[in-house]
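Examination of the molecular architecture
Next come the chains, spelled out residue by residue.
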Amino acid sequence: MVAPLLSTALRGARGGRSFGTAAVLWKRAAPLGPMPNEDVDVGNLEALQRYRSFARYLRQAERAGREPCWWNTYRKHTDPPAEPQADIGLPRERLSRAKELKERKRILRENHRNAEMERAARLRTVLIPLDEVRAEWERTSGPFHKQRVAKHCGVFRDLFKGAAFTPWVALRVQYSQEDEHLVPVYYGNMVTPSEASSPPAVSYEADKGSLWTLLLTNPDGHLREADSEYLHWLVTNIPGSDIQAGKEMCHYLPPFPAMGTGYHRFIFLLFKQQGPIDFSQDARPAPCYSLKMRTFSTFDFYRKHKDAMTPAGLAFFQCQWDNSVTSTFHQLLNMREPVFEFVRPPPYHPPQVKFPRHQPLRYLDRYRDTQEPTYGIY
Amino acid sequence: MGLNPEQWVTCLSVRFASTTASLKTETEVDTSENEVVAPNFTNRNPRNLEQMALARKERGWKTTWPKREFWHRLRLERTQHYVEAFVERSNGDVVVSASTREWAIKRHLYSPKGVAACRNLGRVMAQRCLEAGINFVDFKAIIPWERRCDSIQEFEKGVKEGGVVLHEPRRIYR
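Residues numbered from 1 in each chain as written. Chains lettered and ligands numbered in written order. Predicted model: local features only at pLDDT ≥ 70, side-chain atom pairs only at ≥ 80, totals over all residues. Heavy atoms only, no water.

For chain B, the name recorded in an unreviewed UniProt entry is Mitochondrial ribosomal protein L18, with Serinus canaria as its organism. Database annotation for chain B, UniProt heading Subcellular location (unreviewed entry): "Mitochondrion". Under the heading Sequence similarities (unreviewed entry), UniProt records this for chain B: "Belongs to the universal ribosomal protein uL18 family." (UniProt positions renumbered as here; feature names shortened; annotations may be inferred.)

An unreviewed UniProt entry annotates chain A as Large ribosomal subunit protein mL38 of Serinus canaria. According to UniProt, the comment filed for chain A under the heading Subcellular location (unreviewed entry) is "Mitochondrion". Per UniProt, chain A carries the Sequence similarities (unreviewed entry) text "Belongs to the phosphatidylethanolamine-binding protein family. Mitochondrion-specific ribosomal protein mL38 subfamily."

Below is the structure:
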């Protein structure tokens, strides 16, 4: 499509009918950055290295697609620009890297000398022990992976307004059922409200004499305001890893995601305290079934105590409605159960035009206030 | 707040399931305000809509390959020295990843590349996906003639044995 002359376009805009061309270049200017493939020497194509396989080309193309670029893309339009995140977690303890590397190299050299491992790898029978791999993963790259998943589930955005932390302390939360079956809580798995009806067994590695705070919050379930959370459990001044010895500021309330609202996140936060803290302002009365008292904001809570404690552990699960939620509403919260229905956002239609071009008769149905379809009635 | 309206579950009608609850006299003063519920409920969970199969998948990109019609995609990258697997969203953000570059996996393998490594990487990846709550994953980003090769088939077997389903459910339109 030939771009019209600048003068013709200006004449159209000033006077009578305007131009309807899609790409009217009002002003020609230099590109804002380097054009792609600018560094390819087109004169000497024989000297270029070829891909020789589609897999190599695809890997290169995917990598290039992820790089930042100066022109507008759909991705930039939909995703908000990443803001620099404040780190509110504990500082990383870096052990001696040289010794660690030496140890690892030694183990790898032993593996290479091991004839049985070589045979198992050649015959493809090797099956690595998954629990040992998970234990080692929790020590090495686990915190980073957990932080990444939490960021994608919007935990930092909703609880701390963007400030993130790396959960260095591995928090193990397990709900025990009647038949000795254990339902663990990892970073995002599904747990039903009937499985989560009693307080879970929480364990983590802690030095003797250290004080911790455990918090269970639901940022999605608030029935009145969209921005606040419900506090389900708050235990403070926990010595070591003994939850029973800590002071329970707010007793455990089982999850109650309302029917029709979908999946709610229930987030366990473990804070490391520098010393004993007075939480009397956050204390709730012993059986607290009032939703107004349970309304909570982790951001304000953390801001109040941020000098004395830092977030160290994180675990969360996704929870959907089931029958035990009805009994929670009726017996514990003493209210009628709310039931919701999903409402889709209305479909977008461009502004109505008096003489639409190449549109079917149901074009008029899209703009009528009442529901009188002209299609499918015969 | 700049949230895409599709991200919320904006609910309208509130029907109260009618049953009488047992009244507790001492907490009656506390819980009397519980009944006040806003008519519109907003769920901020970004994973809610895709877990309910109501979120949009990017249906365009029909002239290019691989397509972006998924919520989570499993991508396997086999390089000369390592094998890596990523579960990512359609906008490119990696959610869960596993690679033979990690010490936890590398120490148990004789070689970080090859069929045995792919098989074990599949098992580890399935475990991590289930822990992160990702049960359905799209595995179409494999080149068709490479899908037959042993390492990718072993990887697929490892992931399936771990319990992750390799095709995503269809979105609910109505």
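**Looking at the sheet that holds strand β3 (residues 83-88) of chain B**
Strand pairing in a sheet relies on backbone hydrogen bonds. The paired strands run either parallel or antiparallel. All names here are of chain B. Pairing in this open sheet of 3 strands is antiparallel, and the strands run β2-β3-β4 from one edge to the other. Either end of the sheet is taken by a strand with one partner, and the two such strands are β2 (73-78) and β4 (94-99). Adjacent strand axes in the sheet meet at a mean angle of 15 degrees when their direction is disregarded. Here helix α4 (residues 115-131) sits on the sheet and contacts β2, β3 and β4; the angle it forms with β4, its principal contact strand, is near 145 degrees. Against the sheet, helix α5 (residues 150-162) makes contact with β2 and β3, and its axis sits at roughly 140 degrees relative to β2, the strand it touches most. (Pairing = 2+ DSSP bridges. Helix = DSSP H or I, 4+ residues; strand = E, 2+ residues; numbered from the N terminus. Axes fitted to C-alpha atoms, helices over the stretch in contact; angles between N-to-C directions. Contact = heavy atoms within 4.5 Å.)

**What to know about the nonpolar core**
The biggest cluster of nonpolar side chains holds 60 residues, and the ones touching the most others in it are V155, F160, L269, L314 and F316 of chain A together with L74 and F155 of chain B. At 7 residues, α4 of chain B tops the list of elements feeding residues into this core. Excluding residues that lie within four positions of it along the chain, V155 of chain A makes contacts with A150, F160, R265, I267, L314 and F316 of chain A. In this structure, Y175, I238, A315 and F317 of chain A belong to the second largest nonpolar core, which totals 26 residues. (Core = buried A, V, L, I, M, F, W, Y, C linked by side-chain atoms within 4.5 Å. Buried < 20%, exposed > 50% of the residue type's maximum accessible area, 1.4 Å probe, protein only.)

**Observations regarding helix α7 (residues 142-152) of chain A**
The element α7 of chain A is extensively covered by neighbouring structure, given that 8 of its 11 residues are classed as buried. Residues of α7 of chain A that are buried include every one of G142, P143, H145, K146, Q147, V149, A150 and H152 of chain A, and no others. Tucked inside the fold, the buried residues of α7 of chain A contact α6 (130-139), α8 (155-159), β3 (187-190) and β10 (309-319) of chain A together with β4 and α4 of chain B. Two residues or fewer past α7 of chain A, G154 of chain A is found with a positive phi of approximately 75 degrees.

**Thoughts on the packing of aromatic side chains**
Inspection of the entire model under this criterion finds 24 aromatic pairs over all chains. With centroids separated by 6.4 Å and ring planes inclined at 45 degrees, the aromatic side chains of F54 of chain A and W65 of chain B adopt a geometry described as tilted. One end of the pair, F54 of chain A, is in helix α2 (residues 54-66); the other, W65 of chain B, is in the loop between α2 (48-51) and β2, on a second chain. Of the residues examined, W65 of chain B reaches a relative accessible area of 37% and is grouped as partly exposed. Note on F271 of chain A and Y302 of chain A: the rings are 5.9 Å apart at their centroids and 20 degrees apart in plane angle, and the pair reads as stacked. (Phe/Tyr/Trp six-rings, centres within 6.5 Å; stacked < 30°, edge-to-face > 60°.)

**Regarding the pairing of strand β8 (residues 264-273) of chain A**
Residue and element names in this part refer to chain A. Most of β8 sits inside the fold, with 9 of its 10 residues counted as buried. Relative to β8, strand β5 (residues 211-218) runs antiparallel, the two sharing 7 bridges. In the strand pairing of β8, L211 is matched with Q273. Pairing between β8 and β10: 10 bridges, direction antiparallel. Opposite Q273, over in β10, you have M309 as the bridge partner.

**Thoughts on the interface of chain B and chain A**
Counting from both sides, the interface comprises 89 residues of chain B and, opposite them, 81 residues of chain A. Of the roughly 8,100 Å² buried between chain B and chain A, counting both surfaces, carbon and sulfur atoms make up 55%. Between the two partners, chain B and chain A, sit 7 salt bridges. When the shortest N-O distance is used, the salt bridge between R224 of chain A and E33 of chain B registers 3.6 Å. Applying the counting criterion to the chain B and chain A interface returns 32 residue pairs in polar contact (both at pLDDT 80 or more). Examining the composition of the side of chain B that touches chain A, we find that 10 residues originate from one element, α4 of chain B, more than from any other. (Buried area = accessible area lost by both parts, 1.4 Å probe. Salt bridge = Lys/Arg side-chain N within 4 Å of Asp/Glu carboxyl O. Polar contact = N/O pair within 3.5 Å; in protein donor to acceptor, adjacent residues only side chain to side chain.)

**Some points on the sheet that holds strand β1 (residues 172-176) of chain A**
Residues and elements named next belong to chain A. Strand order in the open sheet formed by 3 strands is β2-β1-β4, with antiparallel pairing between adjacent strands. Only two strands of the sheet have a single partner each, and these edge strands are β2 (182-185) and β4 (201-203). For this sheet, the mean inter-axis angle between neighbouring strands, taken without regard to orientation, is 25 degrees. Pairing of β1 with β4 involves 3 bridges; the strand directions are antiparallel. Within the sheet, the bridge partner assigned to V173 lies in β4 and is V202.

**Observations concerning the packing of α4 of chain B against α5 of chain B**
Residues and elements named next belong to chain B. For the pair α4 and α5, interaxial distance at closest approach is 7 Å and the crossing angle is 30 degrees. With respect to α5, the element α4 is oriented roughly parallel. The two elements α4 and α5 meet at a crossing, and its hand is right-handed. For the pair formed by α4 and α5, the contact residues are V115, C118, R119, L121, G122, R123, A126 and L130 on the first element and D150, S151, E154, F155, K157, G158, V159, E161 and G162 on the second. (Parallel < 35°, antiparallel > 145°, perpendicular 65-115°, else oblique. Left-handed = near helix turned anticlockwise from the far one by under 90°.)

**What about the environment of V124 of chain B?**
By secondary structure assignment, the location of V124 of chain B is in helix α4. Among the residues examined, V124 of chain B registers a relative accessible area of 0% and is labelled buried. As for V124 of chain B and G162 of chain B, which are separated by 38 residues in sequence, their C-alpha atoms are 8.0 Å apart. Setting aside chain neighbours within four positions, we find V124 of chain B in contact with I128, L130 and V133 of chain A together with A98 and I105 of chain B.

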